[in-house]
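Tertiary structure, described
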Amino acid sequence: MNAHGWTLLAVYSVVLWLLAMPMGRYIAAVMEGRLRWAGRIEAGLCRLCGVKPEAEMGWLQYALALLLFNGLGVLAVYALQRLQLWLPLNPQGMANVSPDSSFNTAISFATNTNWQGYVGETTMSYLTQMLGLAVQNFFSAATGIVVVIALIRGFARHSAKAIGNLWVDLTRATLWLLLPLCMVYAVFLAQQGVVQNFDAYPVVHTLETQHYETPKLDAEGQPIKGADGQPVTEPQQTREQTLAMGPIASQEAIKMLGTNGGGFLNANSAHPYENPTPLTNFVQMLSIFLIPAGLCFAFGRMVQDRRQGWTVAAAMGVLFLVGAVAAMSFEQQGNPLLAPLGVDQGMSLAQAGGNMEGKETRFGIADTALFATITTDASCGAINGWHDSFTPLGGLVPLVNMQLGEVVFGGVGTGLYGMLIFAILAVFIAGLMIGRTPEYLGKKIEAHEMKMSSIAILVTPLLVLLGTAIAVLSPAGQAGVANPGAHGFSEILYAFTSAANNNGSAFGGLSANTPFYNVLLGIAMWFGRFGVIVPVLAIAGSLAAKKRIATTSGTLPTHGLLFGGLLIGIVLLVGLLNYVPALALGPVVEHLVLWK
């Protein structure tokens, strides 16, 4: 790493902590209903919708209501895509989206994954982008927040039968947390140059003729490959360019703050209309971690032991720093095949300045590598550079971040409840080591909690590895691979890792907008989301019903360096061990071949 990289990382870390602490206080006040001025509005909305805010739900009712709410969201987004040609706010006359792509996108945005197998500016109308995708950005983010709040209540309450009222929680998370932040953020983005309008796409004439190659496609829209196994291309040229317009700034705000990641434009945050300046790039990186980091401090306040929040946040921070330094260092090394001519081949000298392939010059290596680390530590998936063009070990870091369950701050809500599951596992293992019944925050961790924790931890590796195996063995899965060998395997592994962990970023290079990948990835997204949420809510209900036990001299302190180190070790050991063989077949092999 160079001086710019270290300075960037230091400034980012300091600003994040300074913002996260007041954010934690505000989140706790919002979700505990301590905003006096909000009470009347909430009461009016509840009366309008027929909701009794004082009637709290048990965990099963809470989970069923959440599944119903998100299931209806899937149906609504699917219908908008299938009917958008005949609906308003479609100045470009976008055609109706195919059934398999609509299925994938509807699940993607309802699960906070925001995987995009389509090109946004040529596929989705303004109405679909706003009423469908942007609305789901709010609701899916709110879903993650209310689940972790329910789990926190499970720790904070004792001898209780309920974990809260879902409809009240969703209202508070949306109205008083996400919406105000996004309104301010969208105005800032528009001031910085992010597009926000409803204009039709203008066509402009370029000063120079643009020459480019496009892949030949067969009748099914798949690239045609030549005898050498590479895609066949044909030359094209043009002196015209169509500029995409639309309400981008408003969607960009919730895309980042809600750790959604779905871009209005296909190039996502690498596009100057979504991320025009280094300042917007820095603020976007901050906004991804802002609420997840704030939730750590809200956790400490809500369980009335702020040290617990600090311990969890510190463990996340250590893992984040290790990943960020690794990614930035690997990208700074560059590609050895692009070493300057005349250099002794025995020297480990790579391309001068580091690996700039796939990166925007206005951001550079350090900012792009840091962005990649942050967006995959969280369940965001927004990108400002092409992960497919990272060095093998540079690309390994985003893969590992997702495979850890995205518990390093993670998505809004999802990162904290994922880390708390690992904390439960950590105290259980510690209890086995000393022959004592494990306990966490005054609650005994027994067989039921461990069964649910095991399901929550194992469901995503099962989806990732099984989905990758099916794709590698199926002709339909192999057909989408443009880069054979270890890199092609990494692309498939990355796709299913991203889908099952609800990240949404892609390596690129994989033609995934096919019925095979749309359906298989859609299934992975749904069960990767709710296969974890339902066990987490079951744990919340079980913990809330337990009595609080007194702390004794034999109780394992769950704050401080000892427990923080144990927690980090459990995350690395349990979270990553399932994936080591798959990683060895992909980025590790590619690295060894590249540097041979």
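Just so you know, these numbers come straight off a predicted model, no measurement behind them. (Residues numbered from 1 in each chain as written. Predicted model: local features only at pLDDT ≥ 70, side-chain atom pairs only at ≥ 80, totals over all residues. Heavy atoms only, no water.)

What to know about the packing of aromatic side chains
As enumerated under the stated definition, the model contains 21 aromatic pairs in all. Residues tryptophan 526 and phenylalanine 530 carry aromatic rings whose centres are separated by 4.5 Å and whose planes lie at 50° to one another, so their mutual orientation is tilted. Within this pair, tryptophan 526 and its partner phenylalanine 530 are both found in helix H17 (residues 515-545), separated by four residues, close to a single helical turn. The class of phenylalanine 530 is buried, set by a relative accessible area of 6%. Aromatic ring contacts, followed pair by pair, group Tyr12, Trp17, Phe282, Phe289, Phe297, Trp310, Phe320 and Phe409 into a single cluster. (Phe/Tyr/Trp six-rings, centres within 6.5 Å; stacked < 30°, edge-to-face > 60°. Helix = DSSP H or I, 4+ residues; strand = E, 2+ residues; numbered from the N terminus. Buried < 20%, exposed > 50% of the residue type's maximum accessible area, 1.4 Å probe, protein only.)

A word on the side chain of asparagine 275
Looking at the secondary structure, you find asparagine 275 in the loop between helix H8 (248-257) and helix H9 (278-302). In this view, asparagine 275 contacts Ser269, Thr280, Asn281, Gln284, Arg362, Phe363, Phe371 and Asn384; residues no more than four positions away in its chain are not counted. (Contact = heavy atoms within 4.5 Å.)

Side note on the confidence of the model for the protein
Within the protein, residue pLDDT values average 91, and 98% of them lie at 70 or more. Averaged pLDDT values for the elements of the protein fall to 87 in helix H2 (residues 39-49) and rise to 96 in helix H3 (residues 59-83). (pLDDT = per-residue confidence, 0-100.)

A closer look at H9
Spanning 25 residues, H9 covers 36 Å between terminal C-alpha atoms, matching the ideal 36 Å at 1.5 Å per step. Bending of H9 peaks at approximately 35° at the position of leucine 290, with proline proline 292 no more than four residues after it. Most of H9 is tucked away: 21 of the 25 residues are buried. Phi for glutamine 304, located one or two positions after H9, is positive at around 60°. (Expected span 1.5 Å × (residues − 1). Bend = angle between axes of the 7 residues up to and from the residue.)

Let's talk about empty space enclosed by the protein
Summed over the entire model, instances satisfying the criterion amount to five cavities of 30 Å³ or more. Considered as a void within the structure, the largest cavity measures approximately 350 Å³ in volume. Surrounding the largest cavity, 25 residues form its lining, Gly405, Ala456, Thr460, Asn501 and Val532 being those nearest its centre. Breaking the lining of the largest cavity down by element, the ones donating at least two residues are helix H13 (414-434), helix H14 (447-473) and H17. For the lining of the largest cavity, the leading source of residues is H13, giving six residues. Residues that form the lining of the largest cavity fall into these classes: eleven nonpolar, twelve polar and two charged. (1 Å grid on protein atoms, 1.4 Å probe; cavity = no way out; pocket = protein on both sides within 12 Å on 5 of 7 lines; lining within 4 Å. Points joined across faces, edges and corners; volume = space filled by probe spheres on them. Nonpolar A, V, L, I, M, F, W, Y, C, P; charged D, E, K, R; others polar.)

Describing the side chain of lysine 443
Mapping lysine 443 onto the fold places it in strand E4 (residues 443-444). In this structure, lysine 443 is buried with no salt-bridge partner, the nearest side chain bearing the opposite charge being glutamate 449 at 9.0 Å. Of the polar contacts made by the side chain of lysine 443, one reaches the backbone oxygen of arginine 157; its length is 2.3 Å. Not counting the four nearest positions on each side in its chain, lysine 443 is found in contact with Gly154, Phe155, Arg157, His158, Pro438, Leu543, Ala544, Lys546, Lys547 and Arg548. (Lys, Arg positive; Asp, Glu negative; His and termini not counted. Salt bridge = Lys/Arg side-chain N within 4 Å of Asp/Glu carboxyl O. Polar contact = N/O pair within 3.5 Å; in protein donor to acceptor, adjacent residues only side chain to side chain.)

Concerning the layout of surface pockets
By volume, the largest pocket is sized at about 740 Å³. As for the largest pocket, its lining consists of 32 residues, and the residues nearest its centre are Gln116, Gly117, Asn266, Leu510 and Ala512. In terms of residue count, the dominant contributor to the lining of the largest pocket is helix H16 (residues 486-500) (three residues). Residue composition of the lining of the largest pocket, by class: 14 nonpolar, 16 polar and two charged.

Quick look at the nonpolar core
Counting 169 residues, the largest nonpolar core has Tyr12, Phe320, Leu370, Leu416 and Tyr440 as the members making the most contacts within it. Looking at this core element by element, the count peaks at 15 residues for H17. When near neighbours in sequence (up to four residues on either side) are disregarded, leucine 370 contacts Leu8, Leu9, Tyr12, Met285, Phe320, Ala324 and Met328. (Core = buried A, V, L, I, M, F, W, Y, C linked by side-chain atoms within 4.5 Å.)

Details of the environment of leucine 404
As for its position among the elements, leucine 404 is in the loop between helix H12 (392-403) and H13. Separated by 53 residues in the primary sequence, leucine 404 and isoleucine 457 place their C-alpha atoms 9.6 Å from one another.

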